[in-house]
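Fold and geometry: a report
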Amino acid sequence: MFRNFGNLKNIYHDMFKSLNLDDKSGSSTNLPLETERVKCLIIGSGPAGYTAAIYAARANLNPVIYQGLQPGGQLTTTTEVENYPGYPKGITGPAMMDDLKAQAERFGTDVRWGLATRVDFSGPNHKVWIDDEKIIEAETVILATGATAKYLGIEDEKKYAGSGVSACATCDGFFYRGKDVAVVGGGDTAAEEAIYLAGLVNKVYLIVRRNELRASKVMQERVMRTKNVEILWEHQTKGLFGDGVVEGMILWKKKGTPEQEEVLIKIDGFFLAIGHTPNSDFVKDYLETDEVGYIKTLEGTSKTKIPGVFACGDVQDSIYRQAVTAAGSGCMAAIDAERYLSEKLTH
Ligand SMILES: Cc1cc2nc3c(=O)[nH]c(=O)nc-3n(C[C@H](O)[C@H](O)[C@H](O)COP(=O)(O)OP(=O)(O)OC[C@H]3O[C@@H](n4cnc5c(N)ncnc54)[C@H](O)[C@@H]3O)c2cc1C
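Scope of this entry: the structure provided in the associated data block. All values reported here derive from a predicted model rather than from experimental measurement.

**Some details on the sheet that holds strand S11 (residues 180-184)**
The strand order across the open sheet built from five strands is S10-S17-S11-S12-S13, with neighbouring strands paired in parallel fashion. At either end of the open sheet lies a strand with only one pairing partner, and these are strand S10 (165-166) and strand S13 (229-232). Bridge count between strand S12 (residues 203-207) and S13: four bridges; the pairing is parallel. Across the sheet, Val204 pairs through a bridge with Val229, a residue of S13. Across the sheet, helix H6 (residues 188-198) lies against S11, S12, S13 and strand S17 (269-272), angled at about 170 degrees from S11, the strand it touches most.

Structural data, given as structure tokens:
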């Protein structure tokens, strides 16, 4: 069958060609990738992934979890978490995620380093490539890859991260009670965040690049009716200032026009509300997403349109995006996966 028995690489190459798999291997060498079969594969190690792991492990699904580039997920980038039930004194994000990981490991979850790079959900077993180096064939896959908040990309966002810069009003608004804050954005999320913050803080500046809001009519009216929200039309962020913490921001008014001017306002909190990017690119060929990229699930469940593939947490939630809702949907995904497997066994 093989022309050159001395050249193992060619042998494998021919073998893959005959199986019509060579162009799908993802390997730069064309050597066959190691394949491992698992009952339950969880992708992502935020609150959704670890909660799914706790439930899946306790249901004997022997879950394997890949942590991705941000082990512990978004909460590892924050200091105090005060709204997750069970921590009356609050807890830091990293410490909370260590607890969730320890709880998942206690029941036997196999926690691994690695990034899911692509998938093939066309067969009965679902294939997931890890770092393009290995294939996991899973009976069930739980996608818990979260979403990433968009930032403007200015240096000061990094400089004051956790010291006045936030991308989540529900998470951090409480820390700014009675103070002045700015919200950047002109869509529905920005309008919602501004209204939410207005109920907590002294004053909200809504920084809008254009001379109109993109938000829905209803939300626009609600913002306009909120007394302590002042909209700064045609303003853009230039930078932030303050001694260790945000004390104010510099804006451009009418940037790029003859009337361009610099404006300075005093604020204690700077909230980004310019959207999130769900980490769903690698599954888009197989799963339905909305226009932003959030994975669509069957209402009230974690089921995607592919049997045996489930989604939970921020990657499928454009509305709540909280640790507790992510954890709750992680629990749902593990229960859905367990029921899917037991139904398969009894059919
Ligand atoms: C600064 C900040 C502060 C916050 N504060 C609070 C708060 O106080 N209270 C609150 O309730 N919520 C808070 N949130 C929101 C909260 O963090 C999220 O709602 C929650 O983490 C979502 O959980 P998740 O498990 O869905 O996803 P994430 O936490 O985003 O985790 C996603 C995981 O998926 C992994 N991943 C992504 N792609 C891949 C891939 N291809 N292969 C393998 N792994 C992958 C990542 O490495 C990560 O481990 C905050 C968010 C931020 C950014």
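So, next bit.
**Quick look at helix H8 (residues 323-346)**
For an α-helix, 3.6 residues make a turn, and residues three or four places apart therefore share a direction. For H8, which comprises 24 residues, the first-to-last C-alpha distance of 35 Å matches the rise-based estimate of 34 Å (1.5 Å per residue) to within 8%. Along H8, the residues that are buried comprise Ala323, Ala326, Ala327, Ser329, Gly330, Cys331, Ala333, Ala334, Asp336, Ala337, Tyr340 and Leu341. Where H8 is buried, its residues meet strand S1 (34-43), helix H2 (47-58), helix H3 (93-106), strand S8 (134-143) and strand S19 (309-311).

**A closer look at the site of the ligand**
Around the ligand, 33 residues are found, and the nearest of them are Gln67, Gln70, Gln74, Asp314 and Ala323. A distance of 2.8 Å separates an oxygen atom of the ligand from a polar atom in the side chain of Gln74. Coverage of the ligand by the protein chains reaches 93% of its 1000 Å² of free accessible surface. Elements that contribute at least two residues to the shell around the ligand include exactly H2 and H8. By residue class, the composition of the shell around the ligand is 15 nonpolar, 16 polar and two charged.

**Let's talk about the side chain of His235**
Mapped onto the elements of the fold, His235 is located in strand S14 (residues 235-241). Take His235: its relative accessible area is 6%, and that puts it in the buried class. Within the structure, the side chain of His235 is placed 2.6 Å from the backbone oxygen of Trp233, a separation counted as a polar contact. If we ignore the near neighbours within four places in the chain, the residues touching His235 are Ile207, Val208, Arg209, Leu251, Trp252, Lys253 and Val263.

**A few points about the packing of aromatic side chains**
Under the counting rule described, the total for this entry stands at four aromatic pairs. Ring centres of Tyr84 and Tyr87 lie 6.4 Å apart, and the angle between their planes is 45 degrees; on these two criteria the pair is classed as tilted. Tyr84 sits in the buried class, given a relative accessible area of 16%. With a relative accessible area of 21%, Tyr87 lands in the partly exposed category. Between Phe310 and Tyr340, the ring centres sit 6.2 Å apart and the planes meet at 75 degrees, which makes this aromatic pair edge-to-face. Of this pair, Phe310 sits in strand S19 while Tyr340 sits in helix H8, and the two are 30 residues apart along the sequence. Residue classification places Phe310 among the buried residues on the basis of a relative accessible area of 2%. Exposure remark for Tyr340: the relative accessible area of 18% places this residue in the buried category. Of note, Arg118 hangs over the ring of Trp129, and the distance from its end group to the ring centre comes to 4.1 Å. Its guanidinium or amino end placed over the ring of Trp252, Lys255 lies 4.1 Å from that ring's centre, counting from NZ or CZ.

Calculation criteria
- Residues numbered from 1 in each chain as written.
- Predicted model: local features only at pLDDT ≥ 70, side-chain atom pairs only at ≥ 80, totals over all residues.
- Heavy atoms only, no water.
- Pairing = 2+ DSSP bridges.
- Helix = DSSP H or I, 4+ residues; strand = E, 2+ residues; numbered from the N terminus.
- Contact = heavy atoms within 4.5 Å.
- Axes fitted to C-alpha atoms, helices over the stretch in contact; angles between N-to-C directions.
- Expected span 1.5 Å × (residues − 1).
- Buried < 20%, exposed > 50% of the residue type's maximum accessible area, 1.4 Å probe, protein only.
- Near = heavy atom within 4 Å.
- Polar contact = N/O pair within 3.5 Å; in protein donor to acceptor, adjacent residues only side chain to side chain.
- Areas by Shrake-Rupley, 256 points an atom, 1.4 Å probe, with all protein chains shown as cover.
- Nonpolar A, V, L, I, M, F, W, Y, C, P; charged D, E, K, R; others polar.
- Phe/Tyr/Trp six-rings, centres within 6.5 Å; stacked < 30°, edge-to-face > 60°.
- Lys NZ or Arg CZ within 6 Å of the ring centre and 35° of its normal.

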